[in-house]
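# Residue-level structure breakdown
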Amino acid sequence: MKVAIISYSFSGNTKRACVFLMEKIKEKNIEAAIFDLKPSREEKKFLLQCRDAFYKHKIEIQNPVSELNTYDFVIFASPVWAFTFAPALRAYLENIKDLTDKKCACFLTYGSGMGKNKALEELEEILKAKGARILFSKNIPGSKTKDKEYLEEQFKSLVDIISD
Ligand SMILES: Cc1cc2nc3c(=O)[nH]c(=O)nc-3n(C[C@H](O)[C@H](O)[C@H](O)COP(=O)(O)O)c2cc1C
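A brief look at the structure comes next. (Residues numbered from 1 in each chain as written. Predicted model: local features only at pLDDT ≥ 70, side-chain atom pairs only at ≥ 80, totals over all residues.)

### Quick notes on the site of the ligand
Here is the rule: Any residue whose backbone-placed C-beta atom lies within 6 Å of a molecule or strand is treated as near that molecule or strand. Put simply, DSSP H or I for four residues or longer makes a helix, DSSP E for two residues or longer makes a strand, and each gets a number counted from the N terminus. Classification used: nonpolar for Ala, Val, Leu, Ile, Met, Phe, Trp, Tyr, Cys and Pro, charged for Asp, Glu, Lys and Arg, polar for all others including Gly.
In the vicinity of the ligand, 24 residues are found, and the nearest of them are Ser9, Thr14, Pro79, Gly111 and Gly142. If you list the elements that add at least two residues to the shell around the ligand, you get α1 (13–27), α2 (46–54), β3 (73–81) and β5 (103–110). Partitioning the shell around the ligand into residue classes produces 10 nonpolar, 12 polar and 2 charged.

Rendered as structure tokens:
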């Protein structure tokens, strides 16, 4: 069993949750790796980040495709940006043609919570349209990503699914 965690994080919340999850998976003696998505030109201004996310502007990422077919389970993670997920993850997904029968999970971290359900549903729809089997999806408050007990509880069912 090999697990890939494909993640974009601007201010560290999503990354922190990914690192926690990776460690929990590794504790079960399962191979897991995080792939950090890096925009070729990262937008740092809040309003411009919102614009790019909201209008689904195409951005370029430095590492468009990693060999997902060598992984048995793929987890996608991003912050919620302007009621959707971040453009870097969208760019990555646009490059993936097929996830037929791939076991997948996704989670988003959020701030106020505005648009978080819409964002997660949209991500699920995109994965499903590529044939993915989504076995877990969740929204996690960014403010809770330093709370290891909270993360453990949130990710317990996912770690169980992966290690079953
Ligand atoms: C450009 C931008 C747009 C955001 N839009 C939303 C939003 O629509 N809804 C929400 O709940 N949080 C929103 N947030 C808050 C982030 O989703 C939250 O802080 C997240 O945990 C950040 O993850 P990161 O530290 O991995 O970048 C936004 C943050 C940024 C920077």
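### So, helix α4 (residues 116–129)
Three- or four-residue spacings in an α-helix give side chains the same orientation, since the helix completes a turn every 3.6 residues. As a reminder, the rule being used: Expected helix span is given by 1.5 Å per residue-to-residue step, counting one fewer step than there are residues. Buried, partly exposed and exposed are defined by the number of other C-beta atoms within 10 Å of a residue's own C-beta, namely 20 or more, between the two limits, and 12 or fewer respectively, with C-beta atoms placed from the backbone. Taken from the helix axis, the directions to the C-beta atoms give the arc we talk about.
For α4, spanning 14 residues, the distance from its first C-alpha to its last is 20 Å, which sits close to the expected 20 Å at 1.5 Å a residue. Within α4, the full set of buried residues consists of Lys116, Ala119, Leu120, Leu123 and Leu127. Considered in projection along α4, the buried side chains sweep an arc of 95° and stay on one side of the axis. In α4, the exposed residues that point more than 90 degrees away from the buried face are Lys118, Glu121, Glu125 and Ala129.

### A few points about the nonpolar core
This is how it is decided: A set of buried residues drawn from Ala, Val, Leu, Ile, Met, Phe, Trp, Tyr and Cys, joined through C-beta atoms within 7 Å, is what defines a nonpolar core. C-beta atoms are first placed from the backbone for all residues, and any pair lying within 7 Å is then listed as a contact.
Counting residues in each nonpolar core, the largest one holds 43 residues, and the members touching the most others are Val3, Ile5, Ile75, Phe76 and Cys106. Among the secondary structure elements, those contributing two or more residues to this core are β1 (2–7), α1, β3, α3 (87–94), β5, α4 and α5 (148–163). Counting residues per element, this core draws most heavily on β3, at 7 residues. Excluding its chain neighbours within four sequence positions, the residues that come into contact with Cys106 are Ile75, Phe76, Ala77, Leu123, Glu124, Leu127, Ile134 and Ser137.

### Points about the pairing of β3
Put simply, the test is: We treat two strands as partners when DSSP finds at least two bridges between them.
Of all the 9 residues making up β3, 9 are buried; the element is thus mostly covered by neighbouring parts of the structure. Strand direction decides the pairing type here: β1 and β3, joined by 5 bridges, are parallel. Looking across to β3, one finds that Val3 is bridged to Phe73. Strand direction decides the pairing type here: β3 and β5, joined by 7 bridges, are parallel. Counted as the bridge partner of Pro79 is Thr109 from β5. The sheet contact formed by β3 and strand β4 (residues 84–85) spans 2 bridges and is antiparallel. Residue Trp81 lies in a different strand from β4, and its bridge partner there is Thr84. If you look at the hairpin formed by β3 and β4, you'll find 2 residues sitting between the two strands, and Ala82 has a positive phi there, around 50°.

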